[in-house]
Amino acid sequence: EVQLVESGGGLVQPGGSLRLSCAATGFSFDDYAMHWVRQTPGKGLEYVAGINRNSGSTGYADSVKGRFTISTDNAKNSLYLQMNNLRAEDTALYYCAKDLVPRGLLWDAFHVWGRGTMVTVSS
Amino acid sequence: DVVMTQSPLSLPVTPGEPASISCRSGQSLLNRNGHNYLAWYLQKPGQSPQLLISFASNRASGVPDRFSGSGSGTDFTLRIRRVEAEDIGVYYCMQALHTPVTFGPGTTVHIK
């Protein structure tokens, strides 16, 4: 069974840092682009970042560019999101998601989602 | 960033009746490979989003055939042939051709 499990969320002060992890099981992790999407409670979905090992590309929302870094560890089948200089507006539930098409050069559709990990930025 | 708009933002439905949601993108989502990089998701209350439709019209595995997607370029539509009670939730369209990926604001489907 394909599964994504996020962890690493919590309460952090403004200006602080946090590293989110996403453990992937049930599929060939290397073959798929991976993404982070966030959702403020009661609001819509906001794309955060994506990484495509096949094309070597990464992409970030303007709101996090320069502060967040997406990465993977293929040996651990894990996706990460390093979040620095956190702001109150980064408070959200962060989802990990995998692309639909293996070995694609473009993003396509988010086929599987995790349950999310909550990040709260507050003093 | 490519702006995605949806209409309506709230859709009251009657079980057994059809329903449709429109999604419009600020730039064409048609790639030179012939595919439209437009996906539809449903987020049921308290759950993570689930993929319904990819490439504008490809139903994801396990998705009932009452759901269908159509459109090309900048205008897309999600149709539900006969709404069931389990279809309530928020529907999002998403474009993946242009970086960064962007989502529509969501359409809340609720029972009339």
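The structure presented is a predicted model; accordingly, all values stated were derived computationally and were not measured. What you see as residue numbers is a count from 1 along each chain, following the sequence as written. For naming, the first written chain is A and the first written ligand is 1, with later ones following in the order written. Where local features are concerned, this predicted model is filtered to residues with pLDDT of at least 70; where side-chain atom pairs are given and counted, the filter is 80 or more; whole-chain, interface and lining totals use all residues. With hydrogens and water set aside, each side-chain value is computed from the structure's full complement of heavy atoms.

1. A closer look at the interface of chain A and chain B
Reasoning step 1: Throughout, a contact is declared for two residues whenever any of their heavy atoms are within 4.5 Å. The interface is formed by 23 residues belonging to chain A together with 21 residues belonging to chain B.
Reasoning step 2: Put simply, buried area is the surface a 1.4 Å probe can reach on two separate parts but cannot reach once they are joined, added for both. In this assembly, chain A packs against chain B so that about 1,700 Å² is buried in total across both faces, 66% of it on carbon and sulfur atoms.
Reasoning step 3: If you sort the residues of chain A by the area they bury against chain B, Leu45, Trp107 and Trp113 of chain A come out on top, with a joint share of 30%.
Reasoning step 4: By definition here, a salt bridge exists when the distance from a side-chain nitrogen of Lys or Arg to a carboxyl oxygen of Asp or Glu is within 4 Å. The tally of links from chain A across to chain B stands at zero salt bridges.
Reasoning step 5: Polar contacts, as counted here, are pairs of nitrogen or oxygen atoms within 3.5 Å of one another; within protein the pair requires one atom able to donate a hydrogen and one able to accept it, and residues that are adjacent in sequence qualify only if both atoms are side-chain atoms. The interface formed by chain A and chain B includes six residue pairs in polar contact (both at pLDDT 80 or more).
Reasoning step 6: Per the convention used, a helix needs a DSSP run of H or I reaching at least four residues, while a strand needs a run of E reaching at least two, with both numbered from the N terminus. Elements with a minimum of two residues in the side of chain A that touches chain B: β4 (34–39), β5 (45–52), β6 (57–60) and β10 (110–113) of chain A.

2. Notes on the sheet that holds strand β7 (residues 67–72) of chain B
Residue and element names in this part refer to chain B.
Reasoning step 1: The strand order across the open sheet formed by four strands is β1-β3-β8-β7, and the pairing between neighbours is antiparallel. Edge strands, defined here as strands with exactly one partner in the open sheet, are β1 (4–7) and β7. Along the sheet, successive strands turn relative to each other by an average axial angle of 20 degrees, direction set aside.
Reasoning step 2: Pairing between strands is defined by DSSP: at least two bridges between the two strands are required. As paired strands, β1 and strand β3 (residues 19–25) are joined by four bridges and run antiparallel to one another. Counterpart to Thr5 in the pairing with β3 is Arg24. Angles here are taken between N-to-C directions and fall from 0 to 180 degrees, while the axes themselves are lines fitted to C-alpha atoms, restricted in helices to the stretch in contact.

3. A closer look at the nonpolar core
Reasoning step 1: Phe110 of chain A together with Trp40 and Phe103 of chain B are the most contacted members of the largest nonpolar core, which has 45 residues in total.
Reasoning step 2: Broken down by element, the residue count for this core peaks at five residues, all from strand β4 (residues 38–43) of chain B.
Reasoning step 3: Listed in part, the 29 residues of the second largest apolar core include Val12, Ala24, Cys96 and Val121 of chain A. For this analysis, a nonpolar core means a set of buried residues of the types Ala, Val, Leu, Ile, Met, Phe, Trp, Tyr and Cys, connected via side-chain atoms within 4.5 Å. Only protein chains enter the accessibility calculation, which uses a 1.4 Å probe. A residue is then buried if its area is under 20% of the maximum for its type, exposed if over 50%, and partly exposed in between.

4. Topic: the pattern of salt bridges
Residues and elements named next belong to chain A.
Reasoning step 1: Per the counting criterion, the structure on display carries ten salt bridges over all chains.
Reasoning step 2: For the salt bridge of Arg103 with Asp31, the shortest nitrogen-to-oxygen distance reads 3.0 Å. You can see Arg103 sitting in the loop between β9 (92–99) and β10 and its partner Asp31 sitting in the loop between β3 (18–25) and β4, a full 72 residues away along the chain.
Reasoning step 3: Judged by its relative accessible area of 51%, Arg103 falls in the exposed class.
Reasoning step 4: Across the salt bridge formed by Arg38 and Glu46, the nearest N and O atoms sit 2.7 Å from each other.
Reasoning step 5: When its relative accessible area of 5% is taken as the criterion, Arg38 is described as buried.
Reasoning step 6: Each member of the salt-bridge network shares a partner with another, and the members are Arg38, Glu46, Arg67 and Asp90.

5. Things to note about the packing of aromatic side chains
Centre distance and the angle of the planes are the two values used to describe a pair of aromatic rings.
Reasoning step 1: Classification of ring pairs uses Phe, Tyr and Trp, with its six-membered ring standing for Trp, and accepts pairs whose centres are within 6.5 Å; under 30 degrees between planes counts as stacked, over 60 as edge-to-face, and the remaining range as tilted. Taken as a whole and assessed by the stated rule, the structure comprises eleven aromatic pairs over all chains.
Reasoning step 2: Ring geometry for Tyr37 of chain B versus Phe55 of chain B: centroids 5.2 Å apart, planes at 85 degrees, classification edge-to-face. Linking Tyr37 of chain B in the loop between β3 and β4 with Phe55 of chain B in the loop between β5 (50–54) and β6 (58–59), this pair joins segments that are 18 residues apart in sequence.
Reasoning step 3: Here a set of aromatic residues connected by ring pairs shows up, and it is made of Tyr47, Tyr95, Phe110 and Trp113 of chain A together with Tyr41 and Phe103 of chain B.
Reasoning step 4: We note Arg19 of chain A situated over the ring of Tyr80 of chain A; from NZ or CZ to the ring centre the distance is 3.9 Å.
Reasoning step 5: Taking NZ or CZ as reference, Lys98 of chain A lies 5.2 Å from the ring centre of Phe27 of chain A, over its face. Geometrically, a lysine NZ or arginine CZ counts as sitting over a ring once it is within 6 Å of the ring centre and also within 35 degrees of the ring normal.

6. Thoughts on the state of the cysteines
Reasoning step 1: Any two cysteine sulfur atoms within 2.5 Å of one another count as a disulfide. What the rule picks out here adds up to two disulfides over all chains.
Reasoning step 2: Between the sulfur of Cys22 of chain A and that of Cys96 of chain A lies a disulfide, 2.0 Å long from S to S. Its torsion about the S-S bond being -65 degrees, the disulfide of Cys22 of chain A and Cys96 of chain A is classed as left-handed. Linking Cys22 of chain A in strand β3 with Cys96 of chain A in strand β9, this pair joins segments that are 74 residues apart in sequence.
Reasoning step 3: Note that Cys23 of chain B is cross-linked by a disulfide to Cys93 of chain B, the S-S spacing being 2.1 Å. Residues Cys23 of chain B and Cys93 of chain B are joined through a disulfide that is right-handed, its torsion about the S-S bond being 80 degrees. Here the residue Cys23 of chain B occupies a position in strand β3, and Cys93 of chain B occupies one in strand β9 (residues 89–95), the gap between them amounting to 70 residues.
Reasoning step 4: Accessibility expressed as a relative area gives 0% for Cys23 of chain B, which makes it buried.

7. What to know about unusual backbone geometry
Reasoning step 1: Cis geometry is adopted by the peptide bond preceding Pro8 of chain B, which originates at Ser7 of chain B and carries an omega value of -5 degrees.
Reasoning step 2: Relative to the assigned elements, Pro8 of chain B resides in the loop between β1 and β2 (10–13).
Reasoning step 3: Residue Pro100 of chain B is reached from Thr99 of chain B by a cis peptide bond, and omega for that bond is 0 degrees.
Reasoning step 4: With a phi close to 60 degrees, Arg103 of chain A is a non-glycine residue in the positive phi region.
Reasoning step 5: Positive phi is not limited to glycine here, since Phe55 of chain B has a value of about 50 degrees.

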